[in-house]
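Architecture at a glance
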Amino acid sequence: MMSDKNQIVKIFLKILILFLVSCGSNQTELIKIDPTVFIDKEISLSQIADEIRYIPLDNSIKFGLVFSIEVSDKHIFISAKDIGILVFDLNGKFITKIGDIGRGPQEYVYYLRFAVDDNENIYIRDSFKSVKIFSINNLLVRTIVFPDNDAYFDDIEYFNSMLFIANSSFGDSKYDWIILDTLGNELIKKPNFIPNFPSNLGAWVGCYKYDKNIYYWNSYNDTVFCINPVFNYHPVLLFSPGNHRLPRSPINDFSKLSYYMQPHSLFETKQFYIFKYFFDGREAIAFINKENKEAFAVPLQRDDSGYGKYIGGISNDIDNGPDFQPFCCLEKEQGEYLLGLVNAFEFTSLKLDLSGENYGNSNVMEIVNKINETDNPVLMLVRLKQ
């Protein structure tokens, strides 16, 4: 009997060792995000895509800087600076404006981040402590106020019939994320295991959905996490340590902030992780190949017409229209799409070349001939190669 027990213990230890070795191996194989080693590279759309669709957005309400975009099966939802949440149909026709900016019952103060559920209810981050829920008919459904005073969230996603709350940090956050049901009841809290540190700058935080999972990142943390539909999680990417990372101490000279990596967005496709960031005085979009782990950066140029606007990006050699800057990835039955926004003046600038044979594409010509430089941006949907 004793020998059988010893044999079972030996087998268990072998399995445990194999498990630990396997986990260690996976950790070393994680792709690292390191802007100090990204190589600048020109890339054209024909290398990754095979089709482009343009959606001019209705000018009923003029807007400029866009914070967030969500696309459902019926509508396009846009968070626009100084305006709020706008709803368009899939052809770009304006449908409605959700609520108003303010502190009243049907108003919201913060609206940079929002989520849309399967019934097209809109969950708007009204403050760091509350969410206001509107129907697609612009009716206030309910307000969720976080009971936990330590919750300080920065991003929100509707995921697996729940609300995923991505928590922010000034170095003293208790949680990385919180899971709520749509009534606001807390279900899961993921503790932040990094010891508290003094800071006077909040972390850049984000989350995105891909392939039935949700992903969370925080510029103070090293790890990008993947959370599955039953809310188990594991690491998938690492932000490389180094002097390019935000220090875990107060920043006294904010003029030096440009020397640190500032993540702006992170999402993925079947082939790439796509990382938009500011570092060393410039904005860029990095493409990290999932298979061979090669990484390169496409630098952008600042657009002086407005804060947060940049021009340039991926060269459009498919229809010779404007260059492309991916904003997010959409998964549809027809395949994967990258979605981007193109400023109207980038189309009007093509009018100078109308006589050239390069601009024979009817879709581009139609927009160029009818758009004005002060019009709303144009949505650009790029279908990726299978």
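In this report, we go over the structure that sits alongside the text. All figures in this text were calculated on a predicted structure; none of them were measured in a lab. (Residues numbered from 1 in each chain as written. Predicted model: local features only at pLDDT ≥ 70, side-chain atom pairs only at ≥ 80, totals over all residues. Heavy atoms only, no water.)

Notes on the sheet that holds strand E3 (residues 49-56)
Quick reminder of the rule: A pair of strands is considered paired only if DSSP assigns at least 2 bridges between the two. Strands here are runs of E lasting at least two residues and helices are runs of H or I lasting at least four, both read from the DSSP assignment and numbered beginning at the N terminus. Angles shown run from 0 to 180 degrees and are taken between the N-to-C directions of axes, each axis being a line fitted to C-alpha atoms and, for helices, limited to the stretch in contact.
Taken in spatial order, the four strands line up as E3-E30-E29-E28 in an open sheet, and their pairing is antiparallel. One side of each edge strand has no neighbouring strand; the edge strands of this open sheet are E3 and strand E28 (328-332). Pairwise comparison of adjacent strand axes, ignoring direction, gives a mean angle of 30° for this sheet. As judged from the six bridges shared by strand E29 (residues 335-342) and strand E30 (residues 378-384), these two strands associate in the antiparallel manner. Looking across to E30, one finds that Gly 340 is bridged to Met 380.

Let's talk about the environment of Phe 327
Relative to the helices and strands, Phe 327 resides in the loop between strand E27 (310-311) and E28. Between the C-alpha atom of Phe 327 and that of Phe 275, which follows or precedes it by 52 residues, the distance is 10.0 Å.

Description of the nonpolar core
Condition: Take the buried Ala, Val, Leu, Ile, Met, Phe, Trp, Tyr and Cys residues and link them wherever side-chain atoms come within 4.5 Å; each set so joined is a nonpolar core. Buried, partly exposed and exposed residues are distinguished by accessible area as a fraction of the type maximum, computed with a 1.4 Å probe on protein chains only: under 20%, between the cut-offs, and over 50%, respectively. We call two residues in contact whenever any of their non-hydrogen atoms come within 4.5 Å of each other.
Ile 48, Phe 275 and Leu 338 are the most contacted members of the largest nonpolar core, which has 54 residues in total. Of the residues forming this core, the biggest block, seven residues, is contributed by strand E23 (residues 272-279). In this structure, Ile 48 is in contact with Ile 43, Phe 272, Ile 314, Leu 338, Leu 384 and Lys 385, ignoring residues within four places of it in sequence. Grouped together as the second largest cluster of nonpolar side chains are 20 residues, Phe 164, Ala 166, Leu 246 and Ile 251 included.

Topic: the environment of Phe 324
Checked against the element boundaries, Phe 324 lands in the loop between E27 and E28. Looking at Phe 324, the relative accessible area reads 0%, which means it is buried. Taking the C-alpha atoms as reference points, Phe 324 and Met 380, 56 residues apart in sequence, are found 7.8 Å from one another. Those residues in contact with Phe 324, other than ones at most four positions away along the chain, are Leu 45, Gly 312, Gly 313, Ile 314, Leu 338, Leu 339, Gly 340, Met 380 and Val 382.

As for the side chain of Ser 44
What counts is decided by this rule: We define a polar contact as two N or O atoms separated by no more than 3.5 Å, with the added condition that, inside protein, one atom must be a possible hydrogen donor and the other a possible acceptor, whereas residues neighbouring each other in sequence contribute only through side-chain atom pairs.
By the secondary structure assignment, Ser 44 is in the loop between strand E2 (39-40) and E3. In terms of polar contacts, Ser 44 uses its side chain to reach the side chain of Asp 317, at 3.4 Å. If sequence neighbours within four positions are ignored, Ser 44 has contacts with Ile 314, Ser 315 and Asp 317.

Structural notes on helix H3 (residues 362-370)
Note the cut-off: Summarising the geometry, the arc corresponds to the directions from the helix axis toward the C-beta atoms.
Restricting attention to buried positions, one finds in H3 the residues Val 364, Ile 367 and Val 368. One side of H3 carries all its buried residues, which in axial view fall inside an arc of 100°. Across H3 from its buried face, at more than 90 degrees, point the exposed residues Ser 362, Asn 369 and Lys 370. At its buried positions, H3 is contacted by E3, helix H2 (344-348) and E30.

Examining the pairing of E28
Judged from the five bridges that link them, E28 and E29 form a sheet pairing that is antiparallel. Looking at the pairing, Glu 331 lines up with Glu 336 of E29.

Observations concerning the sheet that holds strand E11 (residues 122-125)
Strand order in the open sheet formed by four strands is E10-E11-E12-E13, and the pairing between neighbours is antiparallel. Edge positions in the sheet fall to strand E10 (114-116) and strand E13 (140-145), since each of these pairs with one other strand and no more. Here the strands of the sheet are splayed against their neighbours by 15° on average, with no regard to which way each runs. The sheet contact formed by E11 and strand E12 (residues 130-134) spans four bridges and is antiparallel. Across the sheet, the residue bridging to Tyr 123 is Ile 133, located in E12.

Details of the state of the cysteines
Worth spelling out the cut-off: Disulfides are defined in this document as cysteine sulfur pairs within 2.5 Å.
On inspection of all chains with the given rule, the structure shows zero disulfides. The structure places no disulfide on Cys 329, whose sulfur is separated from the nearest cysteine sulfur, that of Cys 328, by 7.6 Å. Assessed through its relative accessible area of 15%, Cys 329 is described here as buried.

Side note on the pattern of salt bridges
The condition that has to hold: What counts as a salt bridge is simple: a side-chain nitrogen of Lys or Arg found within 4 Å of a carboxyl oxygen of Asp or Glu.
What the rule picks out here adds up to 13 salt bridges. Ionic pairing is found between Asp 40 and Arg 282, a salt bridge with its closest N-O pair at 2.6 Å. Placement of the pair is Asp 40 in strand E2 and Arg 282 in strand E24 (residues 282-289), with a sequence separation of 242 residues. For the salt bridge of Lys 190 with Asp 176, the shortest nitrogen-to-oxygen distance reads 2.7 Å.

Considerations on the packing of aromatic side chains
When we look at a pair of aromatic rings, we describe it by the centre distance and by the angle of the planes. Here is the rule we go by: Only Phe, Tyr and Trp rings are paired, with Trp represented by its six-membered ring, and only when their centres lie within 6.5 Å; those with planes under 30 degrees apart are stacked, over 60 edge-to-face, the remainder tilted. Here, a charge over a ring means that NZ of Lys or CZ of Arg falls within 6 Å of the ring centre while also lying within 35 degrees of the ring normal.
Counted according to the given criterion, the structure contains 21 aromatic pairs. Taken together, a centroid distance of 5.7 Å and an interplanar angle of 35° make the contact between Phe 164 and Trp 177 tilted. Placement of Phe 164 in strand E15 (residues 162-167) and of Trp 177 in strand E16 (residues 175-180) is noted, with a sequence separation of 13 residues between them. Each member of the pair, Phe 164 as well as Trp 177, carries the same accessibility label: buried. Among the aromatic side chains, those forming a connected cluster through ring pairs are Phe 164, Trp 177, Tyr 216, Phe 225 and Tyr 233. Geometry around Phe 296 places Lys 41 over its ring, the cationic atom sitting 4.7 Å from the centre. Of note, Lys 190 hangs over the ring of Trp 177, and the distance from its end group to the ring centre comes to 5.5 Å.

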